[in-house]
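# Structural features, examined
Each chain, written out:
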Amino acid sequence: MSDKMRKRSLETQAVHAGQVPEDATRSITTPIYPSSTYRMEFPGDESGYVYSRWSNPTRKATERALADLENGSEAYLFSSGLAAMNAVLNLLKSGDHVVAVNDLYGGSIRQFEKIWKKFGLDFSYVDGTDPENFAKAVKENTRLFWIETPTNPLLELVDIEAVSKIAREKKILLAVDNTFATPFIQRPLELGADIVHHSASKYLSGHCDLIGGVLVAKDKELAEKIFFNQYAIGAQLNPFDSWLLLRGLKTLHIRMERHSVNAMKLVEYLETVDLVDKIYFPGIDGNSIPNKMTMPGGMISFTIKADFETVKTFATVTELFILAESLGGVESLINHPASMTHSSIPKEEREARGITDSLVRLSVGIENVDDLLIDLRQAFAAIRTKIKQA
Ligand SMILES: *Cc1c(COP(=O)(O)O)cnc(C)c1O
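All values derive from a computational prediction rather than experimental measurement.

As a further point, take the packing of aromatic side chains. Scanning the model with the defined rule gives twelve aromatic pairs in all. Seen from their ring centres, tyrosine 38 and tyrosine 49 are 5.6 Å apart, and the 40 degrees between their planes marks the pair as tilted. Taken as a pair, tyrosine 38 in the loop between helix H2 (10-16) and helix H3 (57-69) and tyrosine 49 in the loop between H2 and H3 lie far apart in primary sequence, eleven residues in all. You can call tyrosine 38 buried: its relative accessible area is 18%. Residue tyrosine 49 is classed as partly exposed on the basis of its relative accessible area, which comes to 29%. In textbook terms, an aromatic cluster arises when at least three aromatic residues are bridged by ring pairs, as seen for Trp54, Tyr76, Phe227 and Tyr231.

And the structure:
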């Protein structure tokens, strides 16, 4: 980033970072450049853009914005969060070992177990809430720590700073999936991580209207290796979605604030509901915030004192909370992990990890919070009737 931009606050960066003045028309917004290739002045002229798998002006503007927001050296955009993760795993070689948190995004575990294991990578999963578990799991061939915080769906928190100390001591790369927090709430590179990963399909874009992923590298050397993988593998984000993401980023700070404030108010309400058993939310109970998170974010999980069918009914009768997978958009969503996002995990393993049949996950949107409260109230009323009838 320019030194001038580095001095700006995060809110100002969200609006202006990556924006390059456009001279031809003096357009305020970054244009969408769909071009696959670029005119040369002479053979071998590589002074500008050459081919869009290598670099594209729209993608580059969004990559710059994300690098600035995460305070990294460079960022690289991919066609999905999992494609971005794939480019990190491709930094390793057969025989290497990875330690990851156990409450990990399901798709991440699937890629580790079903793809990478075949190519000779070895994985250990640990409870990330105690950083010492990482030290204990380290083997001679450990090359990467992969952490996610807050985790999905139990919103457990990992102390990034503490894990980064262990990683640095043992010369292990530390990658942090920052999808749930976003750079407005937590900046892992400033806490010692080497790589920040996001599914840009969630809060970064913020409107449930694209699938994308990003990697932000702390230093130039690592950035070059990631750039090579992006270029050599070829799962870049297209110019249209890059533009949509850049547009989404401009309101990231306002959205994250509203998501957080709405979520805090809903948690206050849920704490008073007799049908609610356990609430998972950053900062609640013993779940203290060790990571210098500035806000809790918009995700809430909780268990309902009812059977499988009744809990599914609860997730079906909400009106504003739309029953859907994914998260991080302006609209509120409700998810029943046991039958939806986490249904591929065997029941026993799922339950052992706390993802019970009675668990519900909310992605709290930016609607009027009173309307959201009314919606939850009527959903509880609906299942209360059902429980009484039973
Ligand atoms: C959605 C998600 C991913 C995967 O990203 P895609 O864009 O769906 O490929 C990875 N990590 C977390 C925490 C996610 O929520």
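Right, let's get into the pattern of salt bridges. Going through the model one piece at a time under the given rule, you end up with 16 salt bridges. With a closest N to O distance of 2.8 Å, glutamate 74 and lysine 220 form a salt bridge. Placement of the pair is glutamate 74 in strand E1 (residues 74-78) and lysine 220 in helix H8 (residues 220-233), with a sequence separation of 146 residues. Between aspartate 122 and lysine 139 there is a salt bridge, and its shortest N-O distance comes to 2.8 Å. Of this pair, aspartate 122 sits in strand E3 (residues 122-126) while lysine 139 sits in the loop between helix H6 (132-137) and strand E4 (142-148), placing them 17 residues apart in sequence. Overall, the relative accessible area of 27% leaves aspartate 122 in the partly exposed class. Exposure remark for lysine 139: the relative accessible area of 37% places this residue in the partly exposed category.

What follows deals with the environment of isoleucine 383. With respect to the helices and strands, isoleucine 383 occurs in helix H13 (residues 369-389). Isoleucine 383 sits 66 residues away from valine 317 along the chain, and the two C-alpha atoms are 8.9 Å apart. With residues up to four places along the chain from it excluded, the contact list for isoleucine 383 reads Leu275, Ile304, Thr310, Thr313 and Phe314.

With that out of the way, let us pick up the site of the ligand. Close contacts around the ligand come from Ser80, Gly81, Leu82, Tyr105, Glu148, Asp177, Thr179, Phe180, Ser199, Ser201, Lys202 and Gly212, and that covers them all. Note that a nitrogen atom of the ligand is positioned 2.7 Å from one of the side-chain N or O atoms of aspartate 177. Bound to the protein, the ligand loses 94% of the 380 Å² it would expose on its own.

Considered domain by domain, the protein is made up of domain 1 (8-249) and domain 2 (252-389). A C-alpha centroid distance of 27 Å is found between domain 1 and domain 2. In this complex, domain 1 contributes 36 residues to the contact, which on the side of domain 2 involves 39 residues. In total, about 3000 Å² of surface goes out of reach between domain 1 and domain 2, with carbon and sulfur atoms giving 62% of it. The three residues of domain 1 that bury the most area against domain 2 are Leu154, Ile185 and Tyr203, which together make up 25% of that side's buried surface. For the interface between domain 1 and domain 2, the tally reads one salt bridge. Here aspartate 103 and arginine 353 are joined by a salt bridge, their closest N and O atoms 3.5 Å apart. Counting every contact that joins domain 1 to domain 2 gives ten residue pairs in polar contact (both at pLDDT 80 or more).

With respect to topology, seven strands assemble into an open sheet ordered E1-E7-E6-E5-E4-E2-E3, the strand pairing being mixed. Looking along the sheet, the strands with just one partner apiece sit at the ends: E1 and E3. With direction set aside, neighbouring strand axes in the sheet form an average angle of 20 degrees. In the sheet, E4 pairs with strand E5 (residues 173-177) via five bridges, with the strands oriented parallel. The partner of isoleucine 147 across the bridge, within E5, is valine 176.

Thresholds, definitions, all that
Residues numbered from 1 in each chain as written. Predicted model: local features only at pLDDT ≥ 70, side-chain atom pairs only at ≥ 80, totals over all residues. Heavy atoms only, no water. Phe/Tyr/Trp six-rings, centres within 6.5 Å; stacked < 30°, edge-to-face > 60°. Helix = DSSP H or I, 4+ residues; strand = E, 2+ residues; numbered from the N terminus. Buried < 20%, exposed > 50% of the residue type's maximum accessible area, 1.4 Å probe, protein only. Salt bridge = Lys/Arg side-chain N within 4 Å of Asp/Glu carboxyl O. Contact = heavy atoms within 4.5 Å. Near = heavy atom within 4 Å. Polar contact = N/O pair within 3.5 Å; in protein donor to acceptor, adjacent residues only side chain to side chain. Areas by Shrake-Rupley, 256 points an atom, 1.4 Å probe, with all protein chains shown as cover. Domains from an automatic or database assignment. Buried area = accessible area lost by both parts, 1.4 Å probe. Pairing = 2+ DSSP bridges. Axes fitted to C-alpha atoms, helices over the stretch in contact; angles between N-to-C directions.

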